[in-house]
Amino acid sequence: MQQAILIGPDTINRAAVAALLARAYDFDPHRVFDFEQIDLARAALADQDSLVFVLYPAEDDLQHRCRQEESRASEATEHNNLIFLVTSLSSHDAQRILSHKPRGVVYLHEGVAHLHDVIYTVEDGRRAVSNSLTLSAWAARESPLTPREREVLTAAAAGSPPKEVATALGLATGTVRNHLAAIQSKLRTRSLVDSIRVAQDSGWIT
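This one's a predicted model, so the numbers in the text were calculated from it and none came from an experiment.

Overview of the pairing of strand S4 (residues 81-86)
- Across the six residues that make up S4, a large majority, six, are buried.
- As defined by bridge partners, strand S3 (residues 51-56) adjoins S4 across six bridges and the pair is classed as parallel. Counterpart to valine 52 in the pairing with S4 is leucine 82.
- Pairing between S4 and strand S5 (residues 104-107): four bridges, direction parallel. Opposite leucine 85, over in S5, you have valine 106 as the bridge partner.

Describing the sheet that holds S4
- Read across the sheet, five strands follow the order S2-S1-S3-S4-S5 without closing on themselves; strand pairing throughout is parallel. Sheet topology places strand S2 (32-33) and S5 at the edges, where each strand pairs with a single neighbour.
- Bridge count for strand S1 (residues 4-7) against S3 is four bridges, and the pairing is parallel. Directly across from isoleucine 7, in S3, lies its bridge partner valine 54.
- Sheet strands touched by helix H5 (residues 111-123): S3, S4 and S5. Its angle to S5, the strand with the most contacts, is close to 175°.

Comments concerning the side chain of glutamate 149
- Note on placement: glutamate 149 falls in helix H7 (residues 147-157).
- Separated by 2.8 Å, the side chains of glutamate 149 and lysine 186 make a polar contact.

Some remarks on unusual backbone geometry
- Backbone geometry at arginine 188 places phi at a positive 55°, although glycine is not the residue there.
- For arginine 188, the position within the fold is in the loop between helix H9 (173-187) and helix H10 (192-201).

Parameters at a glance
Residues numbered from 1 in each chain as written. Predicted model: local features only at pLDDT ≥ 70, side-chain atom pairs only at ≥ 80, totals over all residues. Heavy atoms only, no water. Buried < 20%, exposed > 50% of the residue type's maximum accessible area, 1.4 Å probe, protein only. Helix = DSSP H or I, 4+ residues; strand = E, 2+ residues; numbered from the N terminus. Pairing = 2+ DSSP bridges. Contact = heavy atoms within 4.5 Å. Axes fitted to C-alpha atoms, helices over the stretch in contact; angles between N-to-C directions. Polar contact = N/O pair within 3.5 Å; in protein donor to acceptor, adjacent residues only side chain to side chain.

What follows is the structure, encoded as structure tokens:
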């Protein structure tokens, strides 16, 4: 059986995932690294047959740092079997994950049996990436936001609170808040800051 490591933020969530891996796979909990320990992770990847699990997305306060480090982690794992473990996934995240050419993607809510099936598929030399993920990534090329939602988010990105955005756009404050809630739902983000980041990264707002 191949060795495996888990790369992700140092959170309770990561410990829970390590426990899940131990049930689905002969996983050594000591081979767990956060993104600040990327050099140690690289050393652990000396065995090019290792399975590499990457938790995605990270907690909100770690997302920016983790995404900066992902490309570095990718360089170390490009010849390995890279499996992303995700809790939720926006179209933009799907596009980002597929850019790393993973061997597998696992939605953690699907449980240990599904995780085991994906690991078995990858170890068998096949890819375990669903067509729905690819379709989701394609969808990221086009903005899911309406013109009005882009106006509202652009104004919010400039630092204007909802009341000022409402005044500037001739809308009720409640309407602005509804637009922001709709944006967050469409982008599957957890906060306004995250919505702005996703929209800017995707080129939907400047």
